Amino acid sequence: MDTEKSSSSSFEDLTNAEDTKDIRKATAEAASEETSAATTLVGDEGEEAESESECDILGNKQLIKRIIKKAPEEAKSPSRGELVTISFTGKLVDGKVVEEEKNFQCHVGDYEVVQGLDMVLPMLKVGEVAQVLVDPRFGYGTLGLKKDNDGDYIVPPNAHLIYEIELLDCKYEEFADLKTFEVIRKYGTRKKERANYFFKRLEYNTAIHLYRRALDYLDTRDGDPESEFDKEDLQLSNSETQAILDDRLIVYNNLAMTQIKISAFDAALKSVENVLRCQPNNPKALYRKGRILEGKNDTQGAIKLFQKVATLEPENRGVQQDLARLFIKARRDQHNEKEMYQKMLGQAKKMEQKTAARQKQPLVENSKLKLLGYLMGSILIGVAGVAIYRYKY
């Protein structure tokens, strides 16, 4: 991920991946048991396993694809961004089923399934059935997967997964396929919810990608919420337009918060301004803009926004605490600034004194020379007068 990709990430940038040894062999006996269990699921007979078409996708045995049923020769493979329909079952190495979907639709490359499957999708053909062995690195990582509002794990941390997947269909969607309110809202909502999932896992760059993908469906006007839909392309009622607008502003708000998390303050400011342009008193947007200004070292600007949020939500203790913290910071900054100016002025005064001393010193020396000159002149005149007097008399 940009800036700090979480070590628990289930999605990573493969350009930064190291070719390491198979993690299943790194922990000795426990890993060996998992590997043998995975091999058993493929087939009990060694000859059958050898006859299968196997592909070590990364070359390090962390992502392996084995063809169970070949597709017809003329079958096509999906490209990134295309809509695919798949059925798959995910199991732990002990055979326990942890995921199962039938006729599941997703867009290739949009992280709507675990990364291991997402990476394999372009390698499948319509009608093909394959088995995919997924290392934890490309599954659910060190965090695993828990049930909603429950402490129990569906997928334990660092678990290897074995999927059986069938590609049923793939389709490139024309704009005509997206001309209905139901479709664009369904896709936009799905991307947003998936982005929320990755935000909770602290995988901020993946979340940012999905929030932007949600906006591809919810906002087709170059990020300007005040623009209107082209009525020739998409006919929406007033209530549908309002629903799309509300969804879009939620996504922009969430996108801004995620960008703040990675200190992308300029990008976050653009995102939050899209909300405030439509809803100038949106408390969340105002608060996040305050966070952005604080990150950009504009403490006074942040205080003004937090004060406005406190007025809109007087019971919000979090905002009150942030205000108190910023007031202390502002006083400290003011004190530090005052000290800095005093030091600057003190140094300037010392410089003036030194300059004045240097200028005064030559004047004193000149006056001493003049006095000595006058004295010598007087002595010479006196000597000359005595000499003349003696000469005459």
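Described below are features of the structure shown in this document. Note that the coordinates shown come from a computational prediction; the quantities given were computed from them, not determined experimentally.

Reading guide: rules and limits
- Residues numbered from 1 in each chain as written.
- Predicted model: local features only at pLDDT ≥ 70, side-chain atom pairs only at ≥ 80, totals over all residues.
- Heavy atoms only, no water.
- Salt bridge = Lys/Arg side-chain N within 4 Å of Asp/Glu carboxyl O.
- Helix = DSSP H or I, 4+ residues; strand = E, 2+ residues; numbered from the N terminus.
- Buried < 20%, exposed > 50% of the residue type's maximum accessible area, 1.4 Å probe, protein only.
- Phe/Tyr/Trp six-rings, centres within 6.5 Å; stacked < 30°, edge-to-face > 60°.
- Pairing = 2+ DSSP bridges.

Points about the pattern of salt bridges
So, step 1. Overall, the coordinates contain 13 salt bridges when judged by the stated rule.
So, step 2. Here arginine 190 makes a salt bridge to glutamate 112, at a shortest N to O gap of 2.7 Å. Taken together, the residues arginine 190 in helix α4 (residues 181-200) and glutamate 112 in the loop between β4 (97-107) and α3 (115-120) connect sequence positions 78 residues apart.
So, step 3. Here lysine 191 makes a salt bridge to glutamate 112, at a shortest N to O gap of 3.0 Å. On the criterion of sequence distance, the pair formed by lysine 191 in helix α4 and glutamate 112 in the loop between β4 and α3 is long-range, its members being 79 residues apart.
So, step 4. Of the residues examined, lysine 191 reaches a relative accessible area of 0% and is grouped as buried.
So, step 5. Sharing partners across several salt bridges, the network here consists of Asp110, Glu112, Arg190, Lys191, Arg213 and Asp216.

Observations concerning unusual backbone geometry
So, step 1. Despite not being glycine, asparagine 103 shows a phi value in the positive range, around 55 degrees.
So, step 2. Residue placement: asparagine 103 occurs in strand β4.
So, step 3. Positive phi, close to 55 degrees, is recorded for asparagine 158, a residue that is not glycine.
So, step 4. Within the secondary structure layout, asparagine 158 lies in the loop between β7 (153-155) and β8 (161-171).

So, the packing of aromatic side chains
Describing an aromatic ring pair means giving the distance of the ring centres and the angle of the ring planes.
So, step 1. Evaluated as defined, the whole model comprises 7 aromatic pairs.
So, step 2. Judged by centre distance (6.1 Å) and plane angle (65 degrees), the ring pair of phenylalanine 88 and tyrosine 163 falls under edge-to-face. Residue phenylalanine 88 is located in strand β3 (residues 83-92), and its partner tyrosine 163 is located in strand β8; the two are separated by 75 residues in the primary sequence. Comparing phenylalanine 88 with tyrosine 163 shows no difference in burial state: the two are buried.
So, step 3. A centroid spacing of 4.9 Å and a plane angle of 75 degrees characterise the contact between tyrosine 197 and phenylalanine 198, whose relative ring orientation is edge-to-face.
So, step 4. Using a relative accessible area of 0% as the deciding quantity, one classes phenylalanine 198 as buried.
So, step 5. Put simply, the rings of Phe88, Phe104 and Tyr163 touch in pairs and so form one group of aromatic residues.

Observations regarding the pairing of β4
So, step 1. Pairing analysis gives 8 bridges linking β3 to β4, with the strands arranged antiparallel. Residue pairing for β4: glycine 90 is matched across the bridge by glutamate 99.
So, step 2. If you look at the hairpin formed by β3 and β4, you'll find 4 residues sitting between the two strands, and glycine 95 has a positive phi there, around 95 degrees.

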